[in-house]
Amino acid sequence: MSMVVSMSRASRIKSKIQSALEASVLEVEDVSYQHAGHAAMKDKANDETHFNVKIVSNKFEGQSLVKRHRMVYDLLTDELQSGLHALSIVAKTPKEANINSG
């Protein structure tokens, strides 16, 4: 008998972003509870649907804000197709975030 361990959406988001973007700062905050009463969220009680993410990565160097957001959305396509409803993204380079990288 095999046991399947299911990761939370927050854990999956964190894992996908960290692996691809090698973030020096990565914060993933589930804010679904703030949207529980909204019409679109009926019958989705606490389904991990809304997240705030803050990412600091060297991979954002030279990329426009739109391109940075696209990079994140592309990483999370599966999540967006399986119930992730909203994502607020802060995407910065270490320099923009005033983090010394050495």
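Residues numbered from 1 in each chain as written. Predicted model: local features only at pLDDT ≥ 70, side-chain atom pairs only at ≥ 80, totals over all residues. Heavy atoms only, no water.

It is worth spelling out the sheet that holds strand S3 (residues 86-92) at this point. Ordered in space as S1-S2-S3, the 3 strands form an open sheet in which the pairing is mixed. Two strands in the sheet have a free side with no partner beyond their single neighbour: strand S1 (25-30) and S3. Neighbour to neighbour, the strand axes of the sheet diverge by 10° on average, direction disregarded. Strand direction decides the pairing type here: strand S2 (residues 50-56) and S3, joined by 7 bridges, are parallel. Each bridged residue has a counterpart across the sheet, and for His50 the counterpart in S3 is Ala86. Contacts from helix H2 (residues 65-75) reach S2 and S3, with the element oriented near 130° to S3. (Pairing = 2+ DSSP bridges. Helix = DSSP H or I, 4+ residues; strand = E, 2+ residues; numbered from the N terminus. Axes fitted to C-alpha atoms, helices over the stretch in contact; angles between N-to-C directions. Contact = heavy atoms within 4.5 Å.)

The next subject is H2. Among all positions of H2, only Arg68, Met71 and Val72 are buried. Buried residues of H2, viewed axially, fall in a sector of 95°; they line one side. Those residues of H2 hidden inside the fold are in contact with helix H1 (9-21), S2 and S3. (Buried < 20%, exposed > 50% of the residue type's maximum accessible area, 1.4 Å probe, protein only. Arc of directions from axis to C-beta.)

The next point concerns the pattern of salt bridges. Following the criterion strictly, the structure yields 6 salt bridges and no others. Residue Arg12 is joined to Glu79 by a salt bridge in which the shortest nitrogen-to-oxygen separation is 2.8 Å. Taken together, the positions of Arg12 in helix H1 and Glu79 in helix H3 (residues 77-81) put the pair 67 residues apart, joining distant regions of the chain. Residue classification places Arg12 among the partly exposed positions, given a relative accessible area of 25%. What emerges from the salt-bridge pattern is a single network uniting Arg9, Arg12, Lys16 and Glu79. (Salt bridge = Lys/Arg side-chain N within 4 Å of Asp/Glu carboxyl O.)

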